[in-house]
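Now for the letters of each chain:
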Amino acid sequence: MALQKVNLLPVALINHSKRFFSTTTRRCKTFAQKYREFWSPKSGNQPPYGHFTQVGDPVLRSKAVDVPADAINSKEIDLIIDQMVKVLRKYDCVGIAAPQIGVSLRIIVMEFREGLKDKFKKEVYEARKMSPLPLTVMINPTLKVTNYTKHKHPEGCMSVRGYSAEVERYESVTLTGIGKRDTPNELQLNGWNARIAQHEMDHLDGKLYIDQMDGMTFHCTCWEAVNSKAGRVEIPFYK
């Protein structure tokens, strides 16, 4: 998830056999080999990417698999998390899921820094129930809704770059999983932070916000600039 001045843009191919592994004993033994390939010498750009995958990439529509228990503290997983944090902060986002850098594993990273408050008008910040969220890294997370009241707010995604729409999300959730980087194993999230968690969890199940958006509100976030500049506008996919 990434932020613009008033709209939150949430935030993300090797072949299928390299992305997928099961949790059987035989497959677990090859985990390090499979994911070590990410950092071995290679030609061309391969995962884990330093950019966000875009809608159309099969990795965004596949259900990510659990990280095996014996790989959770591995060097390979630490390197993937490092890359996720790097991309999250590089693009000034508040959430990212592993499939968004081309890795089909159930890992999410979230962070709503204190300084982001200055990017919003006071009334917008309060209406969306935004609040700071320390760096949160969760492996194999599960989400439980604790308050079924829904709120509709603008939402976007760095994997659907340049667009936004209003989406309904639940008021409060509990996120449980394997915490890394001083993240607790269980978090109670409300308001906008609950929205971030729901958005990132959708990524792990191959879903995008466009699957549940209010279609009448879907728009290009730079449509005004397109008109004023006679169409001479670029939507960057890099930073």
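The model shown is predicted, which means the values in this text are computed figures rather than measured ones.

S.K.: When you look at the overall build of the protein chain in this model, what are you seeing that I'm missing?
M.R.: If you tally the helices and strands in the protein chain, you get seven helices and eight strands. Within the protein chain, the proportion of its 239 residues that are buried is 50%. Counting only carbon and sulfur atoms, one obtains 51% of the accessible surface of the protein chain, whose full area is about 11500 Å².

S.K.: Would you take a moment to explain the confidence of the model for the protein chain for this structure?
M.R.: Where the model shows low pLDDT, its predicted coordinates should not be examined in detail. Looking at the protein chain as a whole, the pLDDT averages 89, with 87% of positions reaching at least 70. Contacts from residues 4-25, a stretch scored under 50 in pLDDT, to residues over four places away or in other chains number 101 contacts.

S.K.: Help me understand the pairing of strand β7 (residues 186-190), please; the structure alone is not making it clear to me.
M.R.: One face of the sheet, then the other: side chains in a regular strand alternate in exactly this way. The two faces of β7 differ: L187 and L189 on one face are buried, but E186, Q188 and N190 on the other face are not. Taking the residues between adjacent antiparallel strands as the criterion, strand β6 (residues 163-180) and β7 are bridged by five residues, where R181 takes a positive phi near 60 degrees.

S.K.: Explain unusual backbone geometry here, please?
M.R.: Among all residues except glycine, the phi angle is most often negative; among peptide bonds, the trans geometry is most common. Cis geometry marks the peptide bond from P47 to P48; its omega dihedral reads -5 degrees. Mapped onto the fold, P48 is located in the loop between α3 (31-36) and α4 (75-90). The backbone of R181 sits at a positive phi, close to 60 degrees, despite the residue not being glycine. Relative to the helices and strands, R181 resides in the loop between β6 and β7. A positive phi is found at A230, a non-glycine position, where the angle reads about 55 degrees. Tracing the backbone shows A230 in the segment after α7 (223-228).

S.K.: What should I look at first to understand helix α6 (residues 191-204) in this one?
M.R.: Spacing of three or four residues puts side chains on the same side of an α-helix, whose turn is 3.6 residues. Along its 14 residues, α6 runs 21 Å from first to last C-alpha, staying within 8% of the 20 Å computed at 1.5 Å per residue. Most of α6 sits out of view: 14 of its 14 residues are buried. Positive phi shows up at G206, right after α6, with a value of about 75 degrees.

S.K.: What's the story with the nonpolar core in this structure? I'm lost.
M.R.: Counting 27 residues, the largest nonpolar core has I77, I80, L105 and I107 as the members making the most contacts within it. Secondary structure elements with two or more residues in this core: α3, α4, β4 (107-112) and β5 (133-156). When residues of this core are assigned to their parent elements, the largest contribution, seven residues, is made by α4. If you look at the next biggest cluster of nonpolar residues, it comprises 24 residues, including F120, Y125, L175 and L204.

S.K.: Any chance you could explain the environment of D211 here in plain terms?
M.R.: Mapped onto the elements, D211 comes out in the loop between α6 and β8 (219-220). As a C-alpha pair, D211 and V167 span 44 residues in sequence and 9.5 Å in three-dimensional space. Side chain to side chain, D211 and R61 meet in a polar contact 2.7 Å long. Of note is the side chain of D211, whose polar atom sits 2.9 Å from the backbone nitrogen of L208.

S.K.: What is the right way to look at the environment of V94 in this model?
M.R.: Relative to the assigned elements, V94 resides in the loop between α4 and β3 (95-97). Linking V94 and M110, residues 16 residues apart in sequence, is a C-alpha distance of 5.5 Å.

S.K.: For this particular structure, what's the right way to read the side chain of T174?
M.R.: The residue T174 is located in strand β6 in this model. Assessed through its relative accessible area of 9%, T174 is described here as buried. A polar side-chain atom of T174 sits 2.7 Å from a polar atom in the side chain of Q188.

S.K.: Please clarify how the pairing of β6 should be interpreted in this entry.
M.R.: Looking at chain direction, β5 and β6 are connected through 15 bridges and run antiparallel. Paired with T142 across the strands is T176, a residue of β6. What sits between β5 and β6 in their antiparallel hairpin is a turn of six residues, with G162 showing a positive phi close to 90 degrees. Relative to β7, β6 runs antiparallel, the two sharing five bridges. Bridge pairing links S172 to N190 in β7.

S.K.: Sorry, what's going on with α4 here?
M.R.: Between its first and last C-alpha atoms α4 spans 22 Å; for 16 residues at 1.5 Å apiece the expected length is 22 Å, and the two agree. Looking only at α4, the buried set comprises E76, I77, I80, I81, Q83, M84, V85, V87 and L88. Where the residues of α4 are buried, they touch α3, β3, β4, β5 and β6. Just downstream of α4 lies D92, where phi reads positive at about 55 degrees.

What counts, and where the lines are drawn
Residues numbered from 1 in each chain as written. Predicted model: local features only at pLDDT ≥ 70, side-chain atom pairs only at ≥ 80, totals over all residues. Heavy atoms only, no water. Helix = DSSP H or I, 4+ residues; strand = E, 2+ residues; numbered from the N terminus. Buried < 20%, exposed > 50% of the residue type's maximum accessible area, 1.4 Å probe, protein only. Areas by Shrake-Rupley, 256 points an atom, 1.4 Å probe, with all protein chains shown as cover. pLDDT = per-residue confidence, 0-100. Contact = heavy atoms within 4.5 Å. Pairing = 2+ DSSP bridges. Expected span 1.5 Å × (residues − 1). Core = buried A, V, L, I, M, F, W, Y, C linked by side-chain atoms within 4.5 Å. Polar contact = N/O pair within 3.5 Å; in protein donor to acceptor, adjacent residues only side chain to side chain.

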